[in-house]
Each structure stands twice: as C-alpha cells, then as structure tokens.
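Structural overview for review
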Amino acid sequence: MLSRLLTAGKLSIKMKLILTLTLILLSGLIISNFINYKAAQNSVRENLVYGVLPLTRDNIYTEIQTDLIRPIFLSSLMANDTFLKDWAISGENDSAKITNYLKAIKDKYNFFSTFFVSEKTKKYYHFSGVKKIISKNNSHDEWYYKFINSGLEYELDVDTNEAEKNTLTIFINHRTLDYKKNLLGVTGVGLKMDKITELLKSYKDKFGCVVYLVDTDGIVQAHPNEKLSEQADIHKLKGIKDIAETILSSKSDATMYDFKRNSEHILLTVRYIPEFNWFLFVEIDENSKMGNITKNIALNLLFGIILSFVVIAICIFVVNHFQSRLEHMAVTDELTGANNRREFDIQFRKSVYNYNRNGTPFSLIIFDIDHFKSINDTMGHITGDASIKTIATIARSGMRLTDVLVRWGGDEFIILTHGDEDSALFAAERIRKQVETSDFFTKHYERGEIKCEITISCGVSGFRKGDTLDSILARADAALYRAKTEGRNRIYRG
C-alpha cells in the first residue's frame with residue numbers, strides 16, 4: 001500500500017522522505033536486533049550443548065553413582081555375608097536372628113527397608129519379621145522370578161513396598177549364592193522414593209536442569225515429579241516419543257538430542273549407567289536460558305524505537321522549518337518582504353475564480369517611486385534600497401490583511417485588493433498621503449542636511465468580466481503612466 005502511494009505521487013516529497021527515513025531506521029533497528037538475538041541464541045545454544053549440559057550430566061552421573069553405588073555395595077556385602085549364607089544353609093532356624101540382622105543393617109545405614117527372600121522356603125524375611133510366602137501366582141512377586149531368571153548379579157527395581165504400606169521404593173536386589181554357587185535367594189535394601197525424588201529436585205535447583213532416570217524399556221524409574229515414576233513411558237511422552245527408540249538403542253556414548261514440547265525447545269543429553277542398567281536423562285529448556293537475553297533485546301528494541309521516533313521528530317521539525325523558509329523565499333521578495341510575481345499569479349487566479357463563482361470584486365493598484373533614479377544617483381543605492389523597504393512597510397500598513405502586496409520589479413509595486421475600484425482608489429490615496437508625509441531623510445541619509453522628499457504615483461484598475469492578467473495590468477499601467485505625465489504624486493484609474 002505504501003509503495004503504491006509513493007509511486008502514484010499521492011504523498012508529498014516531505015512525507016516520502018519522512019516515511020522512507022522511518023522505514024530505514026525501523027528496518028535497520030529490527031534487523032540489527034534480530035541478528036543480535038540469533039547470535040546470542042547460537043552462543044547460548046553452543047554454551048549449553050558443549051559446556052553446561054555435558055558438565056552437568058557428568059557431575060550428576062558422578063553424584064548419582066555415589067548416592068546409589070553405596071546401597072548396591074552394601075547389598076553385595078549382605079549377599080556375601082557368611083552369617084546370612086550359613087543361616088540359610090543350616091535350615092533358616094530361628095527367624096529372629098535374620099530379623100535382627102536385617103534391622104541392624106537398616107538402622108546402621110539408614111535404609112528404608114532391608115530384606116531376604118529364601119529360594120528354598122519362599123519366605124520374605126523383613127527387618128520387622130516374616131512378611132509372607134512369595135508365590136508365582138501373586139503378581140506382586142513377579143519381580144523375584146523375573147530377577148532369578150535374568151541371571152543378573154543385581155538389579156535396581158522401582159516398586160511399591162507391601163511391607164511399608166505400598167510406599168514407592170527403589171529396591172536393590174542382589175542374588176545370594178551358597179559356597180557351591182547354588183541359589184539361596186535374594187537379599188537387598190530399599191530406598192524410599194521420596195529421597196531419590198528430593199535428590200533429583202536438588203539437581204534442578206543446583207544446575208537448572210530436569211534430571212530423571214529411565215530403564216532400558218523406556219519406563220521412567222525416578223523423576224522430580226513423583227507421579228511420573230514407574231508410570232511414564234518415554235515412548236508416549238510428548239516430543240521425546242519421536243526419538244525414544246534412538247535414545248534407548250545407544251548405550252555406548254553420551255548423546256545429545258533436541259525436541260519441541262509445547263512452547264519449550266528442549267535440549268537433552270543422555271548417558272547410560274551400566275551399574276544400574278538405567279539411562280540418565282538431563283534436559284534443559286533452551287528458551288528459559290534466553291529469558292534475560294530476550295528481555296534485553298526487547299528493551300534495546302524499545303529504546304531504539306523511541307530514539308528513532310525522536311530522530312524522526314527532529315527531522316520533521318528541521319524539514320518543516322527549512323521547508324517553511326524555502327516556501328517563504330519562493331514567494332517573497334528578499335529586500336522588502338513583499339510577495340513576488342509567482343505568488344501574485346497564484347493570488348490573481350484565486351481572485352478571478354472567486355469573481356467568476358461568487359461575483360466578488362477585486363482591483364489592482366500599481367505604483368512606483370517618483371524620480372527614483374535621481375534618489376539613487378544623489379544618495380546612493382543603499383539609500384535607494386532603504387527607501388523601497390520603507391515604501392513597502394507603509395503600503396502594508398495601509399492595506400487590509402486580505403490584500404496582497406507584490407514587488408513587481410525595481411521600485412514598482414502592485415497591490416491586489418479585494419473590493420471594487422472605488423475602495424481601491426481610497427486605499428491608494430491613503431498610502432500616497434502617508435508616503436508624502438513620511439520623513440525619509442533621518443532614516444536613510446546621514447551625510448548632511450539634504451532634504452529627501454519621496455512621493456509615489458499610482459494607477460488603479462478594477463477587474464472586469466472577461467479580463468486577463470495582461471488586460472487589467474495594461475489598464476493599471478496606463479493609469480500610472482498618466483499620473484507620471486501629469487505631475488506625479490497622484491492617482492488615476494484605468
């Protein structure tokens with residue numbers, strides 16, 4: 001739309017200049033801020049991908065190993081404890097002994113739970129006593145048979161703890177063998193899930209990342225949001241589901257991924273933890289790290305827009321100022337401040353239009369200074385110019401505000417006056433008398449007491465139907481010539 005207006009010439013040159021300047025300033029401002037934003041975004045991304053996320057991932061990996069290796073190590077000690085082995089081999093007599101043993105370990109190392117499941121009797125020994133007999137028919141006991149058949153030495157399993165009111169627990173299960181490598185059962189410890197959850201939440205506070213653990217099937221085992229633990233499957237989670245299989249199929253090296261989740265742009269790094277057979281997921285929202293940068297860019301843009309409008313306002317003021325001066329110079333005589341011929345032509349056409357449309361009369365008064373050449377010759381051109389300026393001032397004082405004073409050339413002036421010929425004669429006479437009685441000597445001549453008398457002669461003609469500029473000027477000029485030839489300092493109508 002703007003380009004059409006510009007090309008169609010419907011806007012002034014000034015408006016074109018202002019709009020073009022505005023477009024250049026705002027476009028430059030927006031483009032420069034966009035470039036700065038993209039550069040900052042790339043810098044933040046590189047810092048996250050190659051710095052923050054790998055270091056955070058490895059630090060968390062080390063911390064999680066430290067936090068979970070200890071329970072794994074202690075469950076291994078329990079599985080290899082000669083007391084436990086001898087007690088099981090001797091027929092599991094006196095269950096109080098194993099109960100006291102499990103309770104001592106729980107209390108000493110502040111575990112949530114300690115247990116031993118006998119392969120021979122299928123009894124579930126708990127630090128608080130024998131809880132039950134496990135069975136293949138009980139779905140809650142599937143973990144035992146699954147672990148036994150897996151052939152693994154130990155595993156981490158997130159499950160509800162029947163012995164502790166079905167509290168979500170991370171169990172470290174360890175295979176227990178006799179001295180001939182025959183299976184005696186499974187022993188281990190349990191960590192309360194809320195402790196792991198708090199640990200993962202602390203990583204978010206410390207590193208600004210969301211950290212969670214996922215098993216090889218894609219099931220979330222531990223998450224800062226407890227509702228997702230043992231419930232969420234990354235194959236079904238928004239955004240990450242598209243790359244879930246790719247993530248789970250890579251166990252060799254730490255890898256980096258990115259995906260969209262609603263309005264978030266997630267950067268994800270994953271590392272496999274062989275000790276747990278789990279994956280460590282560390283993700284961060286790139287947009288959140290751009291928050292301060294986006295705010296600064298927005299502030300810079302706002303400041304730039306305000307500054308641009310200030311510059312544009314200054315430009316408008318300067319353009320208007322010089323345009324006014326140029327327009328004034330284009331229609332004004334420099335010496336006298338009267339209008340020039342260009343402005344006279346405009347005003348004359350307007351007056352003719354009003355005459356033809358409304359019958360509004362107007363007249364022309366043409367006058368010049370009597371014996372002006374002798375004034376220049378005897379008093380100099382400076383005095384002559386000063387006399388012309390004074391005559392123009394006197395003429396303006398004797399005109400109405402709607403009348404137009406024009407310097408026609410040299411010492412000759414024209415007044416376009418709105419009214420009939422009689423009112424024009426009256427105005428001309430008023431000006432002639434004021435010139436005649438004015439003292440030009442003290443204003444324009446300082447070399448002696450020579451009397452400087454200045455008078456003017458006038459020709460007046462009213463506009464008549466069918467007149468042109470040439471015809472009315474010819475009549476007024478003829479009247480002026482008559483005034484000159486008949487003694488000057490007088491007025492005639494033409």
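Refer to the structure presented above.
A quick note: this is a predicted structure, and the numbers were derived from the prediction, not measured.

Parameters at a glance
- Sequence order as written defines residue numbering, which begins from 1 separately in each chain.
- The model is predicted, so local features are restricted to residues of pLDDT at least 70 and side-chain atom pairs to those at 80 or more, both for listing and for counting; the totals for chains, interfaces and linings are taken over all residues.
- Note that water and hydrogens are dropped before the side-chain values are worked out from all heavy atoms of the structure.
- Strands here mean DSSP runs of E at least two residues long; helices mean DSSP runs of H or I at least four residues long; both are numbered from the N terminus.
- For every residue, the accessible area (1.4 Å probe, protein chains only) is compared with the maximum for its type, and the residue is labelled buried under 20%, exposed over 50%, or partly exposed between those bounds.
- Areas reported here follow the Shrake-Rupley algorithm with a probe of radius 1.4 Å; residue values treat only the protein chains shown as occluding.
- Charged residues are defined narrowly, with Lys and Arg counted positive, Asp and Glu counted negative, and His plus the chain ends left uncounted.
- All charge positions are set by atom: Lys at NZ, Arg at CZ, Asp at CG, Glu at CD.
- DSSP bridges decide pairing: two strands pair if at least two such bridges lie between them.
- Note on geometry: axes are C-alpha line fits, over the in-contact stretch for helices, and angles between N-to-C directions span 0 to 180 degrees.
- Only rings of Phe, Tyr and Trp enter the pairing, Trp through its six-membered ring, and a pair is recorded when the two centres are within 6.5 Å. The plane angle decides the type: under 30 degrees is stacked, over 60 is edge-to-face, the rest tilted.
- The contact definition used throughout considers only heavy atoms, calling two residues in contact when any of these lie within 4.5 Å.
- The method works on a 1 Å grid over the protein atoms by themselves. A cavity is a set of points holding a 1.4 Å probe that cannot get out, a pocket is an open set with protein on both sides within 12 Å along at least five of seven lines, and residues with an atom within 4 Å of a point line them.
- Grid points are joined across faces, edges and corners, and a volume is the space filled by probe spheres set on the points.
- When residue character is reported, Ala, Val, Leu, Ile, Met, Phe, Trp, Tyr, Cys and Pro are called nonpolar, Asp, Glu, Lys and Arg charged, and the others, Gly included, polar.
- What makes a salt bridge here is a side-chain nitrogen of Lys or Arg within 4 Å of a carboxyl oxygen of Asp or Glu, nothing more.
- Only buried residues count toward a nonpolar core, which is a set of Ala, Val, Leu, Ile, Met, Phe, Trp, Tyr and Cys residues joined through side-chain atoms within 4.5 Å.
- Orientation is classified from the angle alone, with under 35 degrees giving roughly parallel, over 145 giving roughly antiparallel, 65 to 115 giving roughly perpendicular, and any other angle giving oblique.
- The crossing is said to be left-handed when, going from far helix to near helix, the turn is anticlockwise and less than a right angle, and right-handed when the turn is clockwise.
- What goes into a patch is any residue over 30% in relative accessible area without a salt bridge, connected to like charges within 9 Å or, for nonpolar side chains (Val, Leu, Ile, Met, Phe, Trp, Tyr), within 5 Å.

The next subject is the overall build of the chain. Of regular secondary structure, the chain possesses 15 helices and 16 strands. The C-alpha extent of the chain, read off along each of the three principal axes, is 160 × 55 × 35 Å. A buried classification covers 45% of the 494 residues belonging to the chain. Here the chain has roughly 26500 Å² of accessible surface; of this, 55% comes from carbon and sulfur atoms. Of the side-chain charges in the chain, 64 are positive and 61 negative, and the distance between the mean point of each set is 3 Å.

This part covers the sheet that holds strand β7 (residues 210-215). A sheet is described by the order of its strands in space; here five strands give the open sequence β8-β7-β11-β10-β9, paired in antiparallel fashion. Of all the strands in the sheet, just β8 (220-222) and β9 (255-261) have a single pairing partner and so form its edges. Strand-to-strand twist of the sheet, defined as the mean angle between neighbouring strand axes without regard to direction, takes the value 35 degrees. Direction of pairing for β9 relative to strand β10 (residues 264-273): antiparallel, over a ladder of seven bridges. Residue pairing across strands places threonine 255 opposite valine 270, the latter belonging to β10.

Next up on the list: the pairing of strand β3 (residues 129-133). Every regular strand shows the same layout, with side chains that alternate between the two sheet faces. Where strand β2 (residues 123-126) and β3 come together, four bridges link them in antiparallel fashion. Along β3, the bridge assignment pairs lysine 123 with isoleucine 133. Between β2 and β3, which pair antiparallel in sequence order, lie two residues.

Evaluation of the coordinates by the stated rule reveals 19 aromatic pairs. Between tyrosine 272 and phenylalanine 279, the aromatic rings sit 5.2 Å apart at their centres with planes inclined by 55 degrees, giving tilted as the arrangement. For tyrosine 272, a relative accessible area of 17% gives the class buried. Among the aromatic residues, those joined into a cluster by ring pairs are Phe115, Tyr124, Trp143, Tyr144, Tyr145 and Phe171.

A positive phi angle is found at glutamate 92, which is not glycine, with a value near 60 degrees. The exposure class of glutamate 92 is buried, given its relative accessible area of 9%.

Taken in spatial order, the five strands line up as β13-β14-β12-β15-β16 in an open sheet, and their pairing is mixed. Two strands close off the open sheet at either side, each with one partner strand: β13 (404-409) and β16 (491-493). Along the sheet, successive strands turn relative to each other by an average axial angle of 20 degrees, direction set aside. Note: strand β15 (residues 456-462) against β16, three bridges, orientation parallel. Bridge pairing links valine 460 to arginine 493 in β16.

Summarising the element assignment, serine 351 is placed in helix α10 (residues 341-358). Setting aside its immediate chain neighbours within four residues, serine 351 contacts Phe362, Leu416 and His418.

Taken as a whole, the largest pocket spans an internal volume of roughly 550 Å³. What lines the largest pocket is a set of 22 residues, among which Lys146, Glu155, Asp157, Asp215 and Asp217 lie closest to the centre. When contributions to the lining of the largest pocket are tallied by element, the ones reaching two or more residues are α5 (142-150) and β4 (154-161). Here the lining of the largest pocket is composed, by residue class, of eight nonpolar, six polar and eight charged. Its boundaries defined by the atoms lining it, the second largest pocket holds a volume of some 310 Å³. Taken together, 18 residues line the second largest pocket, and the ones lying closest to its centre are Val210, Arg261, Glu264, Ile266 and Glu283. Those elements that provide at least two residues to the lining of the second largest pocket are β7, β10, β11 (278-285) and α8 (286-289). No other element matches β11, which puts three residues into the lining of the second largest pocket. In terms of residue class, the lining of the second largest pocket is built from eight nonpolar, three polar and seven charged.

With that settled, consider the pattern of salt bridges. Evaluation of the coordinates by the stated rule reveals 21 salt bridges. Residue aspartate 58 is joined to arginine 271 by a salt bridge in which the shortest nitrogen-to-oxygen separation is 2.8 Å. Of this pair, aspartate 58 sits in helix α2 (residues 13-79) while arginine 271 is found in strand β10, placing the two residues 213 residues apart along the sequence. In this structure aspartate 58 comes out as partly exposed when scored by relative accessible area, which is 27%. Each of Glu429, Arg432, Lys433 and Glu436 takes part in a single network of salt bridges with overlapping partners.

Once that is clear, we can look at the nonpolar core. Ile60, Ile64, Leu156, Ile170, Tyr203, Phe276 and Leu280 are the most contacted members of the largest nonpolar core, which has 47 residues in total. Of the residues forming this core, the biggest block, 11 residues, is contributed by α2. Every residue in contact with tyrosine 203, bar those within four places of it in the chain, is listed here: Ile60, Glu63, Ile64, Asp67, Gly208, Cys209 and Val211. Membership of the second largest hydrophobic core comes to 27 residues, among which are Ile365, Ile375, Ala428 and Phe440.

Turning to the packing of α2 against helix α4 (residues 95-109), a few remarks are in order. Close contact between α2 and α4 brings their axes to 13 Å; oriented N to C, the two are set at 155 degrees. Overall, the two elements α2 and α4 adopt an arrangement that is roughly antiparallel. Note that α2 runs across α4; the crossing there is right-handed. For the pair α2 and α4, the contacting residues are Arg70, Leu74 and Met78 in the first and Tyr101, Leu102, Ile105 and Tyr109 in the second. Among the residues forming the contact of α2 with α4, the class breakdown is six nonpolar, no polar and one charged.

It is worth spelling out a nonpolar patch on the surface at this point. Taken together, Leu302, Phe303, Ile306, Leu307, Val310, Val311, Ile314, Phe317, Val318 and Phe322 make up a surface patch of nonpolar side chains, about 950 Å² in accessible area. When you line up the elements, phenylalanine 317 lands in helix α9 (residues 291-331).

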